[in-house]
Amino acid sequence: KKVLDNKNGKKTWSWEVINPINTYAVTMNIGKYTNWTDTLMGEGGKLDLSFWALTENLDKAKKQFTQAKPMLHCFEHWFGKYPWYEDSYKLVEAPFLGMEHQSAVAYGNGYKNGYLGNDLSGTGWGLKWDFIIVHESGHEWFGNNITTKDLADMWVHEGFTNYSETLYTEWLYGKQAGSEYCYGLRKGISNDKNVIGIYGVNEEGSGDMYPKGANLLHTIRNAINDDVKFRNILRGLNKRFYHQTVTTNQVEEYISKESRIDFSKVFDQYLRTIQIPVLEYSISKNQKELSYRWANSVKGFNLNPILEIENKNIKISPNHKWKKLKLKTSAKPIDPSSIEKNYYIVLKQVTL
């Protein structure tokens, strides 16, 4: 920031962004602001924090904006170093709901927790933190650091950032709370059209890119069944594609490579169709055999969920043909709700 005295009663203020920036993340904020500063010791050293609120809202802002520091610590843990240390982190009151303007997040959530005071998940967890502070700041990693080349791939921005809300809920209140929040977001999925839009015509896909994208990632996380590996994948994405533009295929291939699981058909299912896969299962009359298969899914769909069977967690590998699993004892009924909370699927018991 530089200030030039024009010697005529006016001053010229110059602001500079050091890092690459995508064009939709550029903005100006002009108003009767009061500014205060802080610092955060993060993965990249000392990060300057700068907060801007309209003067009449200063007291509310100073209370609400304290959420920024724990949120930044959480996201650095999961995603890696904040991408814009040279340009600082700023949270600026704006006359609209919010926007992920790079290193100067616009805030207009009325100094309320939730989304304008509402919980998008309907679970209660979304009222424990300010949606705009968390969601728009999550875009500093996904959307600003990693930017898609085509608007059709915008799920990379919104799906990962929507999942950042789950990760922050988990950071504050534990893994079960995060899972409940993510599961609750599904009521916002309409499955009206594909998440990925049409390429080359500047067209977004379905608004489902937010909650469906988050639940896709939650499904993949549970299929990997190793949170250390999953965290390293999220951090690796931000390191591998640091300050770059990407395609969804690059992101998908990176996740498959680093997890050592081919998720290509899983991505196809959730991003390129509106079908929700159905895991059909049947328990034999003598309760000594479990049969299962995938239905309503793309050819080659290979999600391998973990089921609790005979008090053990067992990973199964369904395909479109019936598979059978011998049971040592009388089969305990499978709880659909517990499975469906971990995977965005429908569990359906049938009679063979």
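Higher on the page you've got the structure.
As a starting point, this report considers the structure included with it. Note that the structure is predicted; figures quoted are calculated from it, not measured.

Along the backbone of the protein there are 10 helices and 15 strands. Against the globule reference of 20 Å for 352 residues, the protein gives a C-alpha radius of gyration of 23 Å, in line with a compact fold. Dimensions of the protein, computed from C-alpha atoms along their principal axes, come out at roughly 90 × 40 × 35 Å. For the protein, buried positions account for 51% of its 352 residues.

What follows covers helix 4 (residues 155-173). With 19 residues, helix 4 extends 26 Å between its outermost C-alpha atoms, agreeing within 8% with the 27 Å of an ideal straight helix rising 1.5 Å per residue. Of all the 19 residues making up helix 4, 16 are buried; the element is thus mostly covered by neighbouring parts of the structure. With its phi angle positive at about 105 degrees, Gly174 sits one or two positions after the end of helix 4.

What follows is about a nonpolar patch on the surface. Together, Val3, Trp13 and Trp15 make up a nonpolar patch on the protein surface, roughly 370 Å² of accessible area in all. When you line up the elements, Trp13 lands in strand 2 (residues 11-14).

Taking 1.5 Å of rise per residue, 14 residues should cover 20 Å, and helix 7 (residues 227-240) covers 19 Å from first to last C-alpha, within 8% of that figure. Taken as a whole, helix 7 has its buried residues at Phe230, Ile233, Leu234, Gly236, Leu237 and Asn238. In this structure, the buried side of helix 7 is in contact with helix 2 (68-79), strand 8 (146-148), helix 4, helix 6 (211-224) and helix 8 (248-259). Capping the start of helix 7, Asp226 holds a side-chain oxygen 3.1 Å from the backbone nitrogen of Val228, two or three residues further along.

With six of its seven residues buried, strand 11 (residues 289-295) lies for the most part within the structure. Across six bridges, the pairing between strand 10 (residues 278-283) and strand 11 is antiparallel. Note that in strand 11 the partner of Ile283 across the bridge is Leu290. Connecting strand 10 to the next strand, strand 11, in antiparallel fashion are five residues, including Gln287 with a positive phi near 60 degrees.

Once that is clear, we can look at the sheet that holds strand 15 (residues 346-349). One open sheet accounts for four strands, arranged 14-11-10-15; its pairing is mixed. The open sheet has two edge strands, strand 14 (323-326) and strand 15, and neither has a second partner. In this sheet, adjacent strand axes meet at a mean angle of 25 degrees when their direction is disregarded.

As for its placement among the helices and strands, Thr161 is situated in helix 4. The exposure class assigned to Thr161 is buried, which follows from its relative accessible area of 0%. A polar side-chain atom of Thr161 sits 3.3 Å from the main-chain carbonyl oxygen of Phe142. Beyond its immediate sequence surroundings of up to four residues, Thr161 is in contact with His135, Gly138, His139 and Phe142.

The next point concerns the packing of helix 2 against helix 4. Their axes nearest at 10 Å, the elements helix 2 and helix 4 cross at an angle of 110 degrees. Overall, the two elements helix 2 and helix 4 adopt an arrangement that is roughly perpendicular. The handedness of the crossing between helix 2 and helix 4 comes out as right-handed. Taking contact as the criterion, the partners of Pro70, Met71, His73, Cys74, Phe75, His77, Trp78 and Phe79 in helix 2 are, on helix 4, Ser164, Leu167, Tyr168, Glu170 and Trp171. Of the residues that constitute the contact of helix 2 with helix 4, the class distribution is nine nonpolar, three polar and one charged.

In this section: the sheet that holds strand 7 (residues 105-107). Strand order in the open sheet formed by five strands is 3-4-5-7-6, and the pairing between neighbours is mixed. Each edge of the open sheet is held by one strand with a lone partner, namely strand 3 (33-42) and strand 6 (98-99). Relative to strand 4 (residues 45-54), strand 3 runs antiparallel, the two sharing 10 bridges. The residue bridging Tyr33 from the neighbouring strand is Leu54, located in strand 4. The strands that helix 2 touches are strand 3, strand 4 and strand 5 (89-93); relative to strand 3, the one it contacts most, it runs at about 35 degrees. The strands touched by helix 3 (residues 131-138) are strand 5, strand 6 and strand 7; relative to strand 7, the strand with the most contacts, the crossing angle is about 160 degrees.

This next bit is on the pairing of strand 13 (residues 312-315). Bridge analysis of strand 12 (residues 306-309) against strand 13 gives four bridges, and the strand direction is antiparallel. Paired with Ile309 across the strands is Lys312, a residue of strand 13. Counted between consecutive antiparallel strands, the loop separating strand 12 from strand 13 contains two residues, among which Glu310 sits at a positive phi close to 55 degrees.

Let us now look at the nonpolar core. What tends to happen in soluble globular proteins is that the nonpolar side chains get buried as a cluster. One finds Tyr89, Trp155, Phe160 and Leu237 to be the most contacted residues of the largest nonpolar core, which totals 88 residues. Considering each element in turn, this core owes the most residues, seven residues, to helix 2.

Turning our attention to the pattern of salt bridges. Counted by the stated rule, this structure contains 10 salt bridges. A salt bridge links Asp227 to Arg221, with the nearest nitrogen and oxygen atoms 2.9 Å apart. Of the residues examined, Asp227 reaches a relative accessible area of 25% and is grouped as partly exposed. Overall, the relative accessible area of 2% leaves Arg221 in the buried class. Between Arg272 and Glu252 there is a salt bridge, and its shortest N-O distance comes to 2.8 Å. Within this pair, whereas Arg272 is found in helix 9 (residues 264-272), its partner Glu252 is found in helix 8, the two being separated by 20 residues in sequence. By relative accessible area, Glu252 is classed as buried at 7%.

Reading the values: the criteria
Residue numbers restart at each chain and count upward from 1, following the sequence in its written direction. Per-residue local features are limited, in this predicted model, to residues with pLDDT of at least 70; the limit for side-chain atom pairs, both in listing and counting, is 80 or more; totals at the level of whole chains, interfaces and linings are taken over all residues. Note that water and hydrogens are dropped before the side-chain values are worked out from all heavy atoms of the structure. Secondary structure follows DSSP: runs of H or I at least 4 residues long count as helices, runs of E at least 2 residues long count as strands, and numbering of each begins at the N terminus. Just to be clear, the radius of gyration here is over C-alpha atoms, and the globule rule we use is 2.2 Å times residues to the power 0.38. The buried label goes to any residue with under 20% of its type's maximum accessible area, the exposed label to any with over 50%, and the partly exposed label to all in between, with areas taken from a 1.4 Å probe on protein chains only. Here the expected length of a helix is defined as 1.5 Å per residue gap, with one fewer gap than residues. For patch building, the residue pool is restricted to those with more than 30% relative accessible area and no salt bridge; the joining distance is 9 Å between like charges and 5 Å between nonpolar side chains (Val, Leu, Ile, Met, Phe, Trp, Tyr). The Shrake-Rupley method, run with a 1.4 Å probe sphere, supplies the accessible areas, and residue values consider only the shown protein chains as cover. Within this document, salt bridges are pairs made up of a side-chain nitrogen of Lys or Arg and a carboxyl oxygen of Asp or Glu, the two lying within 4 Å of each other. We call two residues in contact when some of their heavy atoms are within 4.5 Å. We call two N or O atoms a polar contact when they sit within 3.5 Å, provided that within protein one can donate a hydrogen and the other can accept it, with sequence-adjacent residues counted only if both atoms are side-chain atoms. Note: two strands are recorded as paired if DSSP finds a minimum of 2 bridges between them. Orientation is described by lines fitted to C-alpha atoms, with helices fitted over the stretch in contact, and by angles between N-to-C directions that extend from 0 to 180 degrees. Should an angle lie under 35 degrees it is considered roughly parallel, over 145 roughly antiparallel, and from 65 to 115 roughly perpendicular; all remaining angles are considered oblique. Two helices cross in a left-handed way if the nearer one is turned anticlockwise from the farther one by less than a right angle. They cross in a right-handed way if the turn is clockwise. Note on residue classes: Ala, Val, Leu, Ile, Met, Phe, Trp, Tyr, Cys and Pro are nonpolar, Asp, Glu, Lys and Arg are charged, and everything else, Gly too, is polar. Residues belong to a common nonpolar core when they are buried Ala, Val, Leu, Ile, Met, Phe, Trp, Tyr or Cys residues joined through side-chain atoms within 4.5 Å.

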